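# Architecture and fold: a report
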Amino acid sequence: MEFRYKKIVFLTGAGISAESGVRTFRDTDGLWENHRVEDVASPQGFKRNPALVWKFYSLRRLQASEVQPNKAHVALADALHSLEQASVRALLITQNVDTLHERAFGALPNKNFIDIHGTLSRSRCTKCNKIFSDRWAYFNEEQQPAERHADHLWSNPSLTNLLSMPRRNPQGIPLSPCCSDLLRPDIVWFGERPHGVENAIEQLTSCDLFVSIGTSGNVYPAAGFAAVARKAGAHTVSINLEPTENSAAFHEHLHGLATEKVPDFLKKI
Ligand code: NAD
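Remember, predicted model here, so these are calculated numbers, not experimental data. (Residues numbered from 1 in each chain as written. Predicted model: local features only at pLDDT ≥ 70, side-chain atom pairs only at ≥ 80, totals over all residues. Heavy atoms only, no water.)

### Some words on the overall build of the protein chain
From N to C terminus, the protein chain includes eight helices and 13 strands. For 269 residues, the compact-globule estimate of 2.2 N^0.38 gives 18 Å, and the C-alpha radius of gyration of the protein chain, at 19 Å, lies within 12% of that figure. In terms of overall dimensions, the protein chain has a C-alpha envelope of 60 × 35 × 30 Å along the principal axes. Residues counted as buried form 54% of the 269 residues belonging to the protein chain. (Helix = DSSP H or I, 4+ residues; strand = E, 2+ residues; numbered from the N terminus. Rg over C-alpha atoms; globule rule 2.2 N^0.38 Å. Buried < 20%, exposed > 50% of the residue type's maximum accessible area, 1.4 Å probe, protein only.)

Right under this line is the structure:
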């Protein structure tokens, strides 16, 4: 297969997973499951009430385990496979933590994938930062301590630190096997530094096509990626339901549902 481009960077946000049944941040009026974002998605919130944070993320793990990748995730995964075979360099950067890209792709090589906001399928030690592959829901829907496995939540097979049920403190919060200190979700919270930004910027400054899918252009640094790629000479395309905050950074705008627009667009590259 012949492609017009030599190096492509894709950026996805909550909109690509909306049709799988995962709510976008925009849908929630700044509240997640009726919690203020700063209570469940900030280091200060975790320090104040780690049990509340683990109740929230346990529920999110169970919800993510129940949804399926949609046509947009699958088309993107197929495109990444075809591009790789044709020796076109491609990188997928996602802001999503729902593991649906990984599940659509199968074994997505790390060199082609950056989850800049972390993922629901990992935890890390608050003391030494060791990362664990973790699919446990430590609390159930009734907010009681539980031992539920979010079976379909993707766990990267290349990670050997797969957690069997870890020890818990009296509040039911999991403790790390390495330091016996609190485990936290490996999610990038407000005020924390996203993963892999230097690598992302390096790829953005040398790509010739940048495609943004289902992201509102509100959350930095990802909201600035289109401008970086455009400045470096790339053709920039936005696929979204509606105009985004950073619309001016795009040469091309495709408004509509991700499950329709993404497969159509990918056929044309
Ligand atoms: P956002 O909620 O700010 O914006 C989503 C965008 O997607 C909106 O502009 C909306 O118009 C568009 N959209 C909604 N449904 C769509 C569809 N079917 N097809 C195409 N576009 C559609 O999300 P964001 O820009 O990703 O940033 C919010 C933050 O919240 C991110 O940090 C992200 O990590 C996090 N988040 C992640 C998930 C997830 O993992 N699925 C869900 C909610 C929030």
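### Comments concerning the side chain of Arg60
The topology assignment puts Arg60 in helix α3 (residues 50-66). Here Arg60 falls in the buried class, since its relative accessible area comes to 18%. Among all residues touching Arg60, those that are not within four sequence positions of it are Val97 and Leu120. (Contact = heavy atoms within 4.5 Å.)

### Side note on empty space enclosed by the protein
Tallied over the entire structure, the rule returns one cavity of 30 Å³ or more. Of the pockets and cavities examined, the largest cavity occupies roughly 40 Å³. As for the largest cavity, its lining consists of Leu11, Phe210, Ser212, Thr215, Gly217, Ala222, Ala223, Ala226, Asn246 and Phe250. (1 Å grid on protein atoms, 1.4 Å probe; cavity = no way out; pocket = protein on both sides within 12 Å on 5 of 7 lines; lining within 4 Å. Points joined across faces, edges and corners; volume = space filled by probe spheres on them.)

### What to know about the sheet that holds strand β1 (residues 7-12)
Taken together, six strands build an open sheet; the order of strands is β5-β4-β1-β11-β12-β13 and the sheet is parallel. If you trace the sheet from one side to the other, it starts and ends with β5 (113-115) and β13 (252-255), each paired once. When strand polarity is set aside, the average angle formed by the axes of neighbouring strands in this sheet is 15 degrees. Sheet topology places strand β11 (residues 209-213) next to strand β12 (residues 235-240); five bridges connect them, and they run parallel. Residue pairing across strands places Leu209 opposite His235, the latter belonging to β12. Here helix α4 (residues 71-85) sits on the sheet in contact with β1, β4 (89-94) and β11, set at roughly 160 degrees to β1. (Pairing = 2+ DSSP bridges. Axes fitted to C-alpha atoms, helices over the stretch in contact; angles between N-to-C directions.)

### Quick notes on the domain arrangement of the protein chain
The domain architecture assigned to the protein chain consists of domain 1 (1-22 + 69-117 + 191-269) and domain 2 (23-66 + 126-187). Measuring from the centre of the C-alpha atoms in domain 1 to the corresponding centre in domain 2 gives 26 Å. Counting residues at the interface gives 20 residues for domain 1, matched by 16 residues for domain 2. Summed over both sides, the interface between domain 1 and domain 2 buries roughly 1300 Å², with carbon and sulfur atoms accounting for 52% of that surface. Looking only at domain 1, the three residues that lose the most surface to domain 2 are Val22, Arg103 and Glu192, adding up to 35% of its buried area. Our count for the domain 1 to domain 2 interface comes out at one salt bridge. Arg184 is paired through a salt bridge with Glu192; the nearest N and O atoms lie 2.8 Å apart. Where domain 1 packs against domain 2, one counts three residue pairs in polar contact (both at pLDDT 80 or more). Class assignment for the residues of the side of domain 1 that touches domain 2 results in five nonpolar, nine polar and six charged. (Domains from an automatic or database assignment. Buried area = accessible area lost by both parts, 1.4 Å probe. Salt bridge = Lys/Arg side-chain N within 4 Å of Asp/Glu carboxyl O. Polar contact = N/O pair within 3.5 Å; in protein donor to acceptor, adjacent residues only side chain to side chain. Nonpolar A, V, L, I, M, F, W, Y, C, P; charged D, E, K, R; others polar.)

### What to know about the site of the ligand
Taken together, 27 residues are adjacent to the ligand, and Gln95, Asp98, Thr215, Ser216 and Glu242 come closest. At 2.6 Å, a side-chain N or O of Ser216 approaches an oxygen atom of the ligand. Compared with its free state, where it exposes 850 Å², the ligand has 93% of that area covered by protein. Taken together, the residues of the shell around the ligand sort by class into 10 nonpolar, 12 polar and five charged. Each of domain 1 (1-22 + 69-117 + 191-269) and domain 2 (23-66 + 126-187) contributes no fewer than three residues to the shell around the ligand. (Near = heavy atom within 4 Å. Areas by Shrake-Rupley, 256 points an atom, 1.4 Å probe, with all protein chains shown as cover.)

### Some points on the sheet that holds strand β7 (residues 131-133)
The strand order across the open sheet built from three strands is β7-β6-β10, with neighbouring strands paired in antiparallel fashion. Each edge of the open sheet carries a strand with a single partner, namely β7 and β10 (183-187). Strand-to-strand, the axes of this sheet are offset by a mean angle of 45 degrees, without reference to chain direction. Relative to β10, strand β6 (residues 118-125) runs antiparallel, the two being bridged by four bridges. Residue pairing in the sheet places Arg124 in a bridge with Arg184 of β10. Along the sheet, α3 contacts β6 and β10; its crossing angle with β6, the most-contacted strand, is approximately 140 degrees.

### A word on the packing of α4 against helix α8 (residues 258-268)
It is at 8 Å that the axes of α4 and α8 come closest, and there the two elements cross at 20 degrees. It follows from the interaxial angle that α4 and α8 lie roughly parallel. Both α4 and α8 take part in a crossing whose hand is left-handed. Of the residues in α8, those in contact with Lys71, Ala72, Ala75, Leu76 and Ala79 of α4 are Ala258, Thr259, Val262, Pro263 and Leu266. A class-by-class count of the residues in the contact of α4 with α8 yields eight nonpolar, one polar and one charged. (Parallel < 35°, antiparallel > 145°, perpendicular 65-115°, else oblique. Left-handed = near helix turned anticlockwise from the far one by under 90°.)

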